[in-house]
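Topology and contacts: notes
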Amino acid sequence: MTQRRLNWRTLGLPVYLALGLLLVFAFVFGYAFVTLQPTASPAEAITADSYRDQVEALLANAHPEDAEAALEKYDCVTCHREGAANGVAPSWEGLAERAATRRPPLTADAYIYESIISPGAYLVDGYPDLMPHNFGARLSDQELSDIIAY
């Protein structure tokens, strides 16, 4: 009686396909896990000083005239286009005025900062939580400061 030695050639195409799919799924889920940004806990109390240090440091080097390039690069215009008639995200029109009163006691700049780095922390009534939660990792500090100042 001869023993058949198991090797890669005898496993066949189905096994190769299954292993390939497993690797693809592992990569996708691994990437999603690594880029996932934590959102603020509902138990955390928001104060007037929340995000103050981060926002002040960012705005010290802001160039609002450069923000439009970042907004296009990250495709923000798709959801936040003027009027936001699609109902996916609030409009930029009147944003500064709304942001100043949207989430007391946060300042307008702190609210915009939180909305970008942790979009699920506070949702505007009538809008779904669709904004990607990894912009805090994807945007450079310069891009983030430019957008906040814009």
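Our subject in this report is the structure included herewith.

Quick notes on the rules
Throughout this document, residue positions are counted from 1 along each chain, in the order its sequence is written. Only residues with pLDDT of at least 70 get local features here, since the model is predicted, and only at 80 or more are side-chain atom pairs given and counted; chain-wide, interface and lining totals rely on the full set of residues. Side-chain metrics in this entry use all non-hydrogen atoms of the structure; hydrogen atoms and water are not considered. Geometry is summarised by axes, namely lines fitted to C-alpha atoms with helices restricted to the contacting stretch, and by angles between N-to-C directions that run from 0 to 180 degrees. A run of DSSP states H or I qualifies as a helix once it reaches four residues; a run of E qualifies as a strand once it reaches two. Both are numbered from the N-terminal end. Oblique is the label for any angle not covered by the other classes, which are roughly parallel (under 35 degrees), roughly antiparallel (over 145) and roughly perpendicular (65 to 115). Helix crossings get a hand from a simple test, with the near helix turned counterclockwise from the far one by less than a right angle marking a left-handed crossing and a clockwise turn marking a right-handed one. Contact criterion: two residues are considered in contact whenever any of their non-hydrogen atoms come within 4.5 Å of each other. Amino acids outside the nonpolar list (Ala, Val, Leu, Ile, Met, Phe, Trp, Tyr, Cys, Pro) and the charged list (Asp, Glu, Lys, Arg) are all regarded as polar, and Gly is one of them. Aromatic contacts are taken between Phe, Tyr and Trp rings whose centres are within 6.5 Å, Trp giving its six-membered ring; a plane angle under 30 degrees counts as stacked, one over 60 as edge-to-face, and the others as tilted. Working definition: with a 1.4 Å probe on protein chains only, accessible area under 20% of the residue-type maximum means buried, over 50% means exposed, and in between means partly exposed.

Taken N-terminus to C-terminus, the directions of helix α7 (residues 108-117) and helix α9 (residues 141-149) make an angle of 130°; their axes are 10 Å apart at the nearest point. Of the possible angle classes, the one that applies to α7 and α9 is oblique. Pair α7 / α9 crosses with right-handed handedness. Where α7 abuts α9, its residues D109, I112, Y113, I116 and I117 lie against L144, I147 and I148. Grouping the constituent residues of the contact of α7 with α9 by class yields seven nonpolar, no polar and one charged.

We now examine the packing of aromatic side chains. Overall, the coordinates contain three aromatic pairs when judged by the stated rule. Measuring from centroid to centroid gives 6.0 Å for Y74 and F135, while their planes differ by 85°, and the two rings are edge-to-face. Taken together, the residues span a long stretch of sequence, with Y74 in the loop between α4 (67-73) and α5 (77-80) and F135 in helix α8 (residues 135-138) at a distance of 61 residues. The residues Y74 and F135 share a single accessibility class, namely buried.

Moving on to unusual backbone geometry. Between P104 and P105 the backbone carries a cis peptide bond, its omega angle lying at 5°. Tracing the backbone through its elements, the reader meets P105 in the loop between α6 (95-102) and α7. For Y51, which is not glycine, the phi torsion reads 70° and is therefore positive. Here Y51 lies in the loop between α2 (13-35) and α3 (52-59). The residue D75 is not glycine, and still its phi comes out positive at about 60°. The residue D75 is located in the loop between α4 and α5 in this model. On the basis of relative accessible area, D75 is assigned to the partly exposed category, the value being 46%.

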